[in-house]
Structures are given as C-alpha cells and as structure tokens.
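# Remarks on the overall topology
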Amino acid sequence: MESGVKFMKKNNLLIDKTMKAFERVAFMGGDFSDPFAWWPLNFILYMPLYMPQFTRDLCSDYRLLRKSTPIEKIAQEHQYPTALWLDLVSFLSGSKMAGLKKEEGIKIILEFLKMLENLMVGNIFCEDNRNIVWDEIEVKRIINRTSWVETKLKPDFAKLFARLHSGLISLDEAIFWNTNCATREVHGPYKVKWENTPCQLIVREYYNLNEPKLLPPNLSSPFKSVSTLTIYDPRVRFDFPILNDYTHDLPLVENTKAVFGVAIRHNKIELLNTKGALKETCELIEKKSLEIGSWAESLTKKEQVVETVNRYYYRVKPIRDLLGKDWQAPKPLVQSIRKKISSFKPVQEKKRMTKKQFYQIYDPRIGP
Amino acid sequence: MERLPCRFNYNMRKKLLIKGTGASPGKAEGQIVIIKSPAEFSKMKAGQILVAPITSPTWLLVMQKAAAIVTDYGGILSHPAIVCREFGIPAVVNTRKATKVLKNGMKVVVDGKRGKVYEKK
C-alpha cells in the first residue's frame, strides 16, 4: 500500500483533473443523478441492475490479463483513449458496488490512469492545449498535406460540417445508446497556423459505424467510418474533448476557418469536398439515426435494458479479445435482468448532491 | 428564423416564463411548438421554438428546423445540448416543466446562455 500511496501522490494532479471533469459534468448539468442527462434513460435508470456485475467482470478480466500482459500493451490494445477513459469511469463509479477493497480499487484506477497517460502523452484534458493523441510532426503533416476547404470562400461548408457533426453524434448515440459511447474519438485542440494566424485543429473520428454485432437486425450503416478535421478560431474554448464534448461560448459555425472530411462508404473512400457529397452524406446519416433510434425506442423496456447492457459490455471488448473471451454480457446476468426488471422500480426522483458528497463518492482517495 | 442582435436588451421589458440550464449560447425568438413524441413531428414548422421533454437521435430532423430548443430534462452532455451546440441553435435544458408552463403558439425569446425563456409581447 505504501508504494501505492507514493504513486497516488505523483498522480494527484491527474486524479484532481479527473474529478474536476466529473464535477463539471455533474454540477453544470444541473442534477448529478439526472437520468435524462444521458440517452437513453435506461442507461442510468437501470444501471444498478448490471453495474456491479459489469465492474466485477471488468475487474477480474483486467486482473487476469495484468498477470501476463504489461500495462503498455493493454493500453495499446484499446487504441483510443476514450475506451480506456470509459473503463476508468466504470471503475470510479462502480468499485464500491463491485465489492472491491479500497486499496485494490485505487491500484486499478491508478493503473488505468497510467495507461491513459501512456496513450495521451501528457494532460488528459486539453486545458493547456497540449497534444493528447497526435504529436507535432503528425499535426504538421496533416496540415500541409490536407486539401482544406476554406469557409471564407465557401461559407456553406461551415454549416454543412456542423450538420454532419450533429448527424454523426446522433448516429453514434443511436448505435451505442448513450453519450459515453466507444465509436468516436474527438481529439485536440492542436495548435496550428492558418493563414499565418494561430488557430486550433479539432479531429473527429467516427469508426465502427457499421458494427454488425451492435446494429439492429436488418439495419446496416453504409459508412464504415467518417473523419473530419476542422480548424477553428482560437477564441473558441474546447475544454472537454475526452468525453467528446465541450462547452464554449462562441458559435462554432461562425468561427470555423477550414474543413476537411473523408468517409469510408462500402469500403470506398469518399472525400467530402463538394456540397453534393456532403449533403448526401448528411442525409444518409440522419436517415440512419432515425431508423436505428426508432428501432431502439420501439423495443419493450425489458429488451431495451438488455440491449443497453450488451452495449455497455462492448466497451471492454479489447480486454475480452485479449483473453479470447466473447464480449457479450454473461447469459446469467441477462437472465437475472429479465427476471428482476418486472419488479425493479427505478427511483426517478432526483437527488441534489453537494460537492462534498460528490467527492466522497467519486474520489478514490476518500474512503467510504 | 429570427436571430436577435447581441445588443438586444429584453431583460428590462420581458417577463421571465421559465428558466433552466443554458446548454447552447445565443438568442432566438419565435413561436412555441410543443412536441412530446415522434408521432407529433408533423406539427413542427421551420423557425419555431421546439419545446420537448427531451430529445434523442430520432428527433434530429425536427431539431434542424428549430430556431431554439427548450427541454424539460437533460444536462450539458445530453443529446439536445450537444446537437444544439453543433448547429449553433440556442438551447435551454433541464427546465423541469417547460412542456407544462409554455403553451403552443406563445411568442417567446430564448436566451441559451443564461438558460432563460422570456415572454415576447
């Protein structure tokens, strides 16, 4: 435990930043336990039904893997920081429910933070505008080699890209059912120069959009992935890219300098550099969001919960893959959820949480 | 869709109808349309203020038509908040009772930064 304490001290800044980020979401969002802050409602409302089991599974799998695999390799398998971040969130919020001892929980959380550091090279949040995923060389290469569309010359493109981003967020949520999804990665802001003035680059990558294991029966997405690069005025404040969201006080459309987009559709690469191609992509994505969202909402409450659980388990697919295990939720868990759900009455009344209570629950350094 | 100029000072003259969490900055005015489920999507006309319990990906097409969005529930990471910030549409979420207090056809001014909805006379 002593060495753990030393390590903890080293990582206090990181933990504090993690807590700060949670706090921002919780307190700026109004009520911490607001089930409507997320979509779908089931995710939060029925989470008590599967969260302890999920955390226990994640924890035992992780410990099993940890015996034979170095942290760095586990981190690299995740590929994207968001997947790791989501696991960390699960540990933070569920370690007590899963019956972990405090020391054990802290140890695992710190290892996940170490993996995040390993993957992101530096600050996990972009408050200091440091590079989190791409290094300077990569950013320079991208800036120089990309065929940018200047919004000064083609103002419609700023609006169309905003529409595309909204559509992608919705499609992503429709597939994964909650905003903590694992199919997108937003990173940056990277400091760049545009027309010799300092600007910032935000990268939005949406992958796994046609994941057959998660898409509803008979519904597929024509897109394998969609990526966009957007250069914004430096005054726009991006401060929360890890959860793929941000708060700011300036309209994005009016502060967009240049854009670039590429989609992989039926294994064919398409550049989104014409209005026609962009509009068609937006319309297709919006149509798919509607179809998949409607399918999800048409399910019975019981089946919605089961679907949500499967999507939740999908998050730890990289760990399960390394162990050669199936990623889907264990059958006994699904059965128990189906049994419990008829009698399980989620408490819809929200509780307002004080900052002290919030830290007590979510800070791994504070005991129960 | 009528977007208000920045210097428009309505605080002194307008009656506050409801407040919530400002989720997407900007000001807009228009006529209220209350939509509680996808079955009512056809009620929505371009430039109206969409008032809903909450939105989901299914609502994307009607959200695009709105001048502003007001919801009963949701936080800053909720679907209406994220989508409105991308679109640049003012949004007020987490009002708790917008669908009850506001009425169809009412003319209002939405301040997405302050999280307030005012009556427009």
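Residues numbered from 1 in each chain as written. Chains lettered and ligands numbered in written order. Predicted model: local features only at pLDDT ≥ 70, side-chain atom pairs only at ≥ 80, totals over all residues.

Across its full length, chain B holds three helices and nine strands. Each helix and strand of chain B, ordered N terminal to C terminal, gives the series β-β-β-β-β-α-β-α-β-α-β-β. By residue count, 59% of the 121 residues in chain B fall in the buried class. Looking at chain B alone, contacts between residues at least 24 apart form 56% of all its contacts between residues at least 6 apart. (Helix = DSSP H or I, 4+ residues; strand = E, 2+ residues; numbered from the N terminus. Buried ≥ 20, exposed ≤ 12 C-beta atoms within 10 Å, placed from the backbone. Contact = placed C-beta atoms within 7 Å.)

Bringing the pairing of strand β4 (residues 223–232) of chain A into the picture now. Residues and elements named next belong to chain A. Buried residues dominate β4, accounting for seven of its 10 residues. Taken together, the seven bridges between strand β3 (residues 197–206) and β4 define a ladder with antiparallel strand orientation. Note that in β4 the partner of V203 across the bridge is L229. Note: β4 against strand β5 (residues 256–265), nine bridges, orientation antiparallel. Looking at β5, one finds that T228 is bridged to G261. (Pairing = 2+ DSSP bridges.)

All right, on to helix α11 (residues 301–314) of chain A then. Look at α11 of chain A: 20 Å from first C-alpha to last across 14 residues, which is about the 20 Å you get at 1.5 Å a residue. Turning to α11 of chain A, its buried residues are Q304, V305, V306, T308, V309, R311, Y312, Y313 and Y314 of chain A. (Expected span 1.5 Å × (residues − 1).)

Let's shift gears to the nonpolar core. Counting 80 residues, the largest nonpolar core has I49, L50, V51, A68 and V70 of chain B as the members making the most contacts within it. The element best represented in this core is helix α9 (residues 156–176) of chain A, accounting for 12 residues. Ignoring any residue separated from it by four or fewer positions in sequence, one finds V70 of chain B in contact with I49, V51, V92, T95, A98, L102, V110 and V117 of chain B. M47, V306, V309 and I319 of chain A belong to the second largest nonpolar core, which has 34 residues in total. (Core = buried A, V, L, I, M, F, W, Y, C linked by C-beta atoms within 7 Å.)

Moving on, we get to the environment of I18 of chain B. Residues and elements named next belong to chain B. Note on placement: I18 falls in strand β2 (residues 16–19). Looking at I18, the number of C-beta atoms within 10 Å reads 22, which means it is buried. Spatially, the C-alpha atom of I18 lies 17 Å from that of A81, the residues being 63 residues apart in sequence. What I18 contacts, discounting residues up to four positions off in sequence, is T95, K97, A98, V101, L102 and V117.

The next point concerns the environment of L171 of chain A. Along the chain, L171 of chain A turns up in helix α9. Residue classification places L171 of chain A among the buried residues on the basis of 29 C-beta atoms within 10 Å. Along the chain, L171 of chain A and E286 of chain A lie 115 residues apart, while their C-alpha atoms are 7.3 Å from each other. Residues within four places of L171 of chain A in sequence aside, it is in contact with L209, I285, K288 and S289 of chain A together with P57 of chain B.

Before going further, it helps to spend a moment on the packing of α9 of chain A against helix α10 (residues 275–298) of chain A. Residues and elements named next belong to chain A. α10 packs onto α9 with a crossing angle of 25° between their chain directions and a minimal axis gap of 8 Å. Classified by the interaxial angle, the pair formed by α9 and α10 is roughly parallel. At the point where α9 passes α10, the crossing takes the left-handed sense. Contacts between α9 and α10 pair D156, L160, R163, L164, G167, L168, S170, L171, A174 and I175 from the former with K275, L278, K279, T281, C282, I285, E286, K288, S289, I292, G293 and A296 from the latter. Taken together, the residues of the contact of α9 with α10 break down into 11 nonpolar, five polar and six charged. (Axes fitted to C-alpha atoms, helices over the stretch in contact; angles between N-to-C directions. Parallel < 35°, antiparallel > 145°, perpendicular 65-115°, else oblique. Left-handed = near helix turned anticlockwise from the far one by under 90°. Nonpolar A, V, L, I, M, F, W, Y, C, P; charged D, E, K, R; others polar.)

To continue, consider the packing of helix α4 (residues 47–68) of chain A against α11 of chain A. Residue and element names in this part refer to chain A. Running from amino to carboxyl end, α4 crosses α11 at an angle of 25°, the nearest separation of the two axes being 11 Å. Classified by the angle their axes make, α4 and α11 are roughly parallel. Two packed elements cross with a definite hand, and for α4 against α11 that hand is right-handed. Of α11, the residues touching α4 (which contributes L49, Y50 and F54) are V305, V309, Y312 and Y313. Tallied by class, the residues present in the contact of α4 with α11 amount to seven nonpolar, no polar and no charged.

Attention shifts here to the pairing of β5 of chain A. All names here are of chain A. Among the 10 residues of β5, seven are classified as buried, and the element is accordingly described as predominantly covered. Alignment of strand β1 (residues 149–150) against β5, held across two bridges, turns out to be antiparallel. Within the sheet, the bridge partner assigned to V149 lies in β5 and is V259. Here β5 hands over to strand β6 (residues 268–271) after two residues, with H266 in that stretch at a positive phi of 50°.

Next up on the list: the confidence of the model for chain A. Residue and element names in this part refer to chain A. Considering every residue of chain A, the mean pLDDT works out to 77; 71% of them sit at 70 or more. Every residue in residues 1–10 scores below 50 in pLDDT, and together they form eight contacts with partners more than four places removed in sequence or on other chains. A low-confidence stretch, residues 122–131 stays under pLDDT 50, and its non-local contacts, those more than four residues away or across chains, total 25 contacts. (pLDDT = per-residue confidence, 0-100.)

A word on the environment of S170 of chain A. Topologically, S170 of chain A is positioned in helix α9. S170 of chain A sits in the buried class, given 30 other C-beta atoms within 10 Å. It is 8.6 Å that separates the C-alpha atoms of S170 of chain A and I285 of chain A, two residues lying 115 residues apart in sequence. When sequence neighbours within four positions are dropped, the list of residues in contact with S170 of chain A reads S289 of chain A together with P57, L60 and V83 of chain B.

This next bit is on unusual backbone geometry. Even without being glycine, E195 of chain A reaches a positive phi, approximately 50°. Along the polypeptide, E195 of chain A turns up in the loop between β2 (184–194) and β3. Phi at R96 of chain B takes a positive value of approximately 75°, unusual for a residue other than glycine. Mapped onto the secondary structure, R96 of chain B falls in the loop between β7 (91–93) and α3 (98–101).

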